[in-house]
Amino acid sequence: MTVSIADLLTERASDNFSLHEQHLNTQMVKVLRTIGYDRVYVKGKGQYLYDNENQQYLDLLSGFGVFALGRNHPAIISALTDVLQADLPDMVQMDASLLSGLLAEKIVTLCPTGIEKMFFCNSGAEAVEAAIKFSRYTTGRSKILHCEHAFHGLTLGALSLNGEEIFREGFGPLLPGCSAIPFNDLDALEKALSNRDVAAFIVEPIQGKGVNLPDDSYLPEVARLCAKYGTLFVADEIQTGIGRTGKFWAIDHWNVEPDMILMAKALSGGFIPVGAVAMKPLIMEKVFNRMDRAVVHGSTFSKNNMAMAAGLATISVIEEENLLENSARIGNELIAGIEALIDKHEFLKEVRGMGLMIAVEFGSPKSLSLKAAWKMLETANKGLFCQMVTIPLFKEHRILSQVAGHGMNVVKMLPPLMISEKDRDWVISAFDEVIGECHKVPGSIWDLGKTLAGHAIKAKKATR
Ligand SMILES: Cc1ncc(COP(=O)(O)O)c(C=O)c1O
């Protein structure tokens, strides 16, 4: 008998954590239980998640930026249903499929002039791998330059461009010829490029780990220096692209023209994994330069019809529902609303971001009693304070958020692009209340802080 997914979903509804404990990532289950995130979600609609007790949650995590359109958008479902009902001949491989051509045509119209070619793959990391290979082949150079604190994915090539030791440790040796410079440092960039032996500089226009914004002159100068020294400028827009920052690409804020633009996440419509590289024709012509090299790079599932249809539908929803405008406006209002709390709360240091990619940064307070409590947490584990914010945001206010990276006191928001004014106010008042509670020492939040510090100290001892 054919498996009934509907039956499985009801019959096995309460087995999810035990299945993961037995067959998937046991440590992840431990983490979820420890921080009280062990909810059973049964429904997702737009910017909201619903658990098995019918509690509604506002999702500021968006599956790490996948759900720009929220979950289960009817236009994406309709596009995917069209594909399923059309009995299309998918992935013939020895053909030229229409939907991939149409998506390429559409994306190119949204790119800066000069970008005319597309390569499709299945994830962000795969787009990064393609960019590494394409830059090496095009320039005949092997070195790749990236930024400190960068995140470009976790496959071996992408990991070689990762700025955080915690991700790299024990997985080496990584790709030779990769090195890091500080983000937003043009002198370091020129120095690194000046030997004319770097194939590509891969950079996130706004760094995801920490939400680090560049100076206005940075990316235009990156473009100029890369052109001067014959290095390809690769903009990793896997997180920042497709409307996240209030423009279609983050590079549009600075009017720069990279040689390659990498995308993934939101292009999926929240359904079908996809990645892509948009590039100048010269790169495509160099890599695929002869008929016997027509399949020199690719992967089996790339260009599949479901992913291509989801991509086309995603872009059309962004245009029809004015999501760039919404992302820019609500993003600005969220930043202003939380920024206005800085005078009231000593721990709150800075709110920054663009569109709906927003960081809230905490730091050491002025008053002595709070300082001692802060120090206790920082000594146990740098960056622990912001878990004291994300956990009550979740448990008390049903807001799912994330810490912005290891070792930093930054809470990050990447909500769906259509969040409303009501959602904005929900977030601002929740932050106000939770941060206010953090200023009560002793208090229930600091009981949580002590527990977190205890776990951190235990974990440190275990790794010694
Ligand atoms: C900027 C950036 N590049 C690359 C990646 C890797 O994408 P994926 O997880 O789809 O491999 C990510 C994922 O978070 C990212 O944020």
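My aim in this report is to walk through the structure given alongside it, one point at a time. Residue numbers here run from 1 along each chain, matching the order of that chain's written sequence. Only residues with pLDDT of at least 70 get local features here, since the model is predicted, and only at 80 or more are side-chain atom pairs given and counted; chain-wide, interface and lining totals rely on the full set of residues. Only hydrogens and water are set aside when side-chain values are computed; all heavy atoms of the structure are taken into account.

**Description of the overall build of the protein**
Consideration 1: If you tally the helices and strands in the protein, you get 18 helices and 15 strands.
Consideration 2: Relative to the compact-globule value of 23 Å for 464 residues, the protein shows a C-alpha radius of gyration of 23 Å, a close match.
Consideration 3: Across its three principal axes, the protein shows a C-alpha extent of roughly 70 × 65 × 45 Å.
Consideration 4: Relative accessibility decides the category of a residue: with a 1.4 Å probe and only protein chains considered, values under 20% of the type maximum give buried, values over 50% give exposed, and everything between is partly exposed. Considering the protein as a whole, with its 464 residues, one finds that 51% of them fall into the buried category.
Consideration 5: Throughout, a contact is declared for two residues whenever any of their heavy atoms are within 4.5 Å. Across the protein, the fraction of contacts at a sequence separation of at least 24, relative to all contacts at a separation of at least 6, is 71%.
Consideration 6: Of the side chains in the protein, 46 bear a positive and 54 a negative charge, and the two mean positions are spaced by 6 Å. Numbering of helices and strands runs from the N terminus; a helix is a DSSP stretch of H or I covering at least four residues, while a strand is a stretch of E covering at least two. We take the radius of gyration over the C-alpha atoms and set the globule estimate at 2.2 Å times the residue count to the 0.38 power. Counted charges follow a simple rule, with Lys and Arg positive, Asp and Glu negative, and His plus the chain ends left uncounted. We put the charge of a Lys on NZ, of an Arg on CZ, of an Asp on CG and of a Glu on CD.

**Digging into the sheet that holds strand S6 (residues 178-181)**
Consideration 1: Strand order in this open sheet of seven strands is S4-S10-S9-S8-S7-S5-S6, and the pairing throughout is mixed. At either end of the open sheet lies a strand with only one pairing partner, and these are strand S4 (117-121) and S6. With strand direction ignored, the average angle separating the axes of adjacent strands in the sheet is 20 degrees.
Consideration 2: When DSSP finds at least two bridges between two strands, those strands are taken to pair. As paired elements, strand S9 (residues 260-263) and strand S10 (residues 275-279) share four bridges and run antiparallel to each other. What sits directly across from Met260, in S10, is Met279. Every axis in this analysis is a line fitted to C-alpha atoms, fitted for helices over the stretch in contact. Angles between the N-to-C directions lie between 0 and 180 degrees.

**Remarks on the site of the ligand**
Consideration 1: Here, proximity means that at least one heavy atom of the residue falls within 4 Å of the molecule or strand. Surrounding the ligand, one finds Ser123, Gly124, Ala125, Phe151, His152, Gly153, Glu204, Asp236, Ile238, Gln239 and Lys265.
Consideration 2: Two N or O atoms count as a polar contact when they lie within 3.5 Å, although within protein this holds only if one can serve as hydrogen donor and the other as acceptor, and sequence-adjacent residues are included solely when both atoms are side-chain atoms. Within the backbone of Phe151, an N or O atom sits 3.4 Å from a nitrogen atom of the ligand.
Consideration 3: The contact in question runs from a nitrogen atom of the ligand to an N or O atom on the side chain of Asp236, over 2.7 Å.
Consideration 4: In the scheme used here, Gly and all other residues not listed as nonpolar or charged are polar, with Ala, Val, Leu, Ile, Met, Phe, Trp, Tyr, Cys and Pro taken as nonpolar and Asp, Glu, Lys and Arg as charged. Across the shell around the ligand, the residue classes tally to three nonpolar, five polar and three charged.

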